[in-house]
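# Structure assessment
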Amino acid sequence: MTTETTAPSRWTQQLTARVRAVDAARPWLWDTALTLGWTTAALVDAAGGWRNVARDPSLPSGLIVVLSLALSLPLYARRRRPTTVLAVMAPAALLSEASGAFLQAAFLQALPLFHIALTRPPRRLLWAFALLVPPVLVGGLRFDGDRWDQHVVPILWAYVIVALIGITVRSRRDHTASLVDRARRLEIERDQEVRLAAAAERARIAREMHDIIGHNLSVITGLADGGRYAAAKSPERAAQALDAIGTTSRQALDELRRLLGVLSVPDDTPAADRTPSRPWRTWDPSWRAYGRRACRSPRSCPHRSRRCRRAPS
């Protein structure tokens, strides 16, 4: 049942997104289609339907056609220059009301009014209503007399509602844009924090590598000097020094491989995958053979394993 209720909504959202994408890529297409549609409707009304609401049905058809085109063709530029479009349509609306034609195409002024409320500063609405109110007042006062308010008030309320709809859509769009901008800034800040953390971790590893290399090299240097002096008098102690050098070297390589294994993992790898592999699995077999040959004495073997004790000499 949930699928049946959400499927139409999902389809509507996809269709709306596609229409908006096409409109954003080719705005002239939608503007042309809307202008042609309303122009056709205005000309159909000018063919004779306007007489049903006109106060003076005897007006010439040529005038009605010209007024209908003047009220519909400017809609093509309603999104780019809504105030200019409304200023062009206002004289035609004034002539329609003053002559008694009362063309229905005059209500198309609501479209540029909506775009003024949607994209222009709020003060532009005052200029818009300054262009919309006079034609309505002229028609009401000239042809309705004392009942002019029955003609003026409903039309003005309709324009006010259109302006409020435009303001609401604009507020919602601005709110959505602010949320998107906030999410983008949070994402940038998160990426910066990740990069800073990675840089701090690399600096810590570099310091650790410096400590490991410096300490172990100093130990290896001391053992090598001691072994060189002991080689002539005590070969056993020289062998022990060599064993200690091998152990220290392997420990240093072990720690360096651990640190380098962490550095070689990409930043976006999960923490569970950052555990470095055991260094002995990545060593060359010759190193194992060297280690076994170095551990000739069970007492000096750092591993205390049977494999080292049984290693061939």
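Residues numbered from 1 in each chain as written. Predicted model: local features only at pLDDT ≥ 70, side-chain atom pairs only at ≥ 80, totals over all residues. Heavy atoms only, no water.

### What about the packing of helix H6 (residues 124–143) against helix H7 (residues 148–230)?
Close contact between H6 and H7 brings their axes to 9 Å; oriented N to C, the two are set at 160 degrees. In terms of orientation, H6 lies roughly antiparallel with respect to H7. Remark: the crossing between H6 and H7 carries right-handed chirality. Two secondary-structure elements touch here, H6 through Leu125, Phe129, Leu132, Val133, Val136, Leu137, Gly139, Gly140 and Leu141 and H7 through Trp148, His151, Val152, Ile155, Leu156, Tyr159, Val160, Ala163 and Ile167. Considering only residue class, the contact of H6 with H7 consists of 15 nonpolar, three polar and no charged. (Axes fitted to C-alpha atoms, helices over the stretch in contact; angles between N-to-C directions. Helix = DSSP H or I, 4+ residues; strand = E, 2+ residues; numbered from the N terminus. Parallel < 35°, antiparallel > 145°, perpendicular 65-115°, else oblique. Left-handed = near helix turned anticlockwise from the far one by under 90°. Contact = heavy atoms within 4.5 Å. Nonpolar A, V, L, I, M, F, W, Y, C, P; charged D, E, K, R; others polar.)

### Some words on the pattern of salt bridges
All told, the structure shown has nine salt bridges when counted by the stated rule. Between Arg190 and Asp191 there is a salt bridge, with its nearest N and O atoms 3.9 Å apart. Note that Glu208 and Arg204 form a salt bridge whose closest N and O atoms lie 2.7 Å from each other. Separated by four residues within a single helix, Glu208 and Arg204 lie in helix H7, roughly one turn from each other. A single network of salt bridges, built from pairs that share partners, joins Asp31, Arg78, Arg79 and Arg80. (Salt bridge = Lys/Arg side-chain N within 4 Å of Asp/Glu carboxyl O.)

### What to know about a nonpolar patch on the surface
Together, Val153, Trp157, Ile161, Ile165 and Val169 make up a nonpolar patch on the protein surface, roughly 450 Å² of accessible area in all. Within the fold, Val169 resides in helix H7. (Patch = residues over 30% accessible without salt bridge, like charges linked within 9 Å, V, L, I, M, F, W, Y side chains within 5 Å. Areas by Shrake-Rupley, 256 points an atom, 1.4 Å probe, with all protein chains shown as cover.)

### Some points on helix H4 (residues 82–99)
Here H4 contains 18 residues, and its C-alpha end-to-end distance of 26 Å stays within 8% of the 26 Å for a straight helix at 1.5 Å per residue. Of all bends in H4, the biggest is about 25 degrees, found at Met89, and the proline Pro91 comes one to four residues later. Here H4 has its buried residues at Pro82, Val85, Leu86, Met89, Ala90, Ala92, Ala93, Ser96, Glu97 and Ser99. Note on H4: the residue one or two positions beyond its end, Gly100, has a positive phi of about 90 degrees. (Expected span 1.5 Å × (residues − 1). Bend = angle between axes of the 7 residues up to and from the residue. Buried < 20%, exposed > 50% of the residue type's maximum accessible area, 1.4 Å probe, protein only.)

### Some words on the packing of helix H5 (residues 110–119) against H6
At a closest axis distance of 9 Å, the pairing of H5 and H6 adopts a crossing angle of 165 degrees. With respect to H6, the axis of H5 lies roughly antiparallel. Here H5 and H6 pass one another in a crossing that is left-handed. Between H5, through Leu113, Ile116 and Ala117, and H6, the contact on the second element is made entirely by Arg124, Leu125, Ala128, Phe129 and Leu132.

### Looking at the environment of Leu108
For Leu108, the position within the fold is in the loop between H4 and H5. By relative accessible area, which is 7% here, Leu108 ends up buried. In the structure, Leu108 is positioned 15 residues away from Ala93 in sequence and 9.8 Å away in space, judged by C-alpha atoms. Not counting residues up to four positions away in its chain, the partners in contact with Leu108 are Trp38, Leu71, Ser72, Leu75 and Met89.

### Re the confidence of the model for the protein chain
Considering every residue of the protein chain, the mean pLDDT works out to 80; 81% of them sit at 70 or more. A low-confidence stretch, residues 274–313 (pLDDT under 50), is modelled with 43 contacts involving residues beyond four sequence positions or located in other chains. (pLDDT = per-residue confidence, 0-100.)

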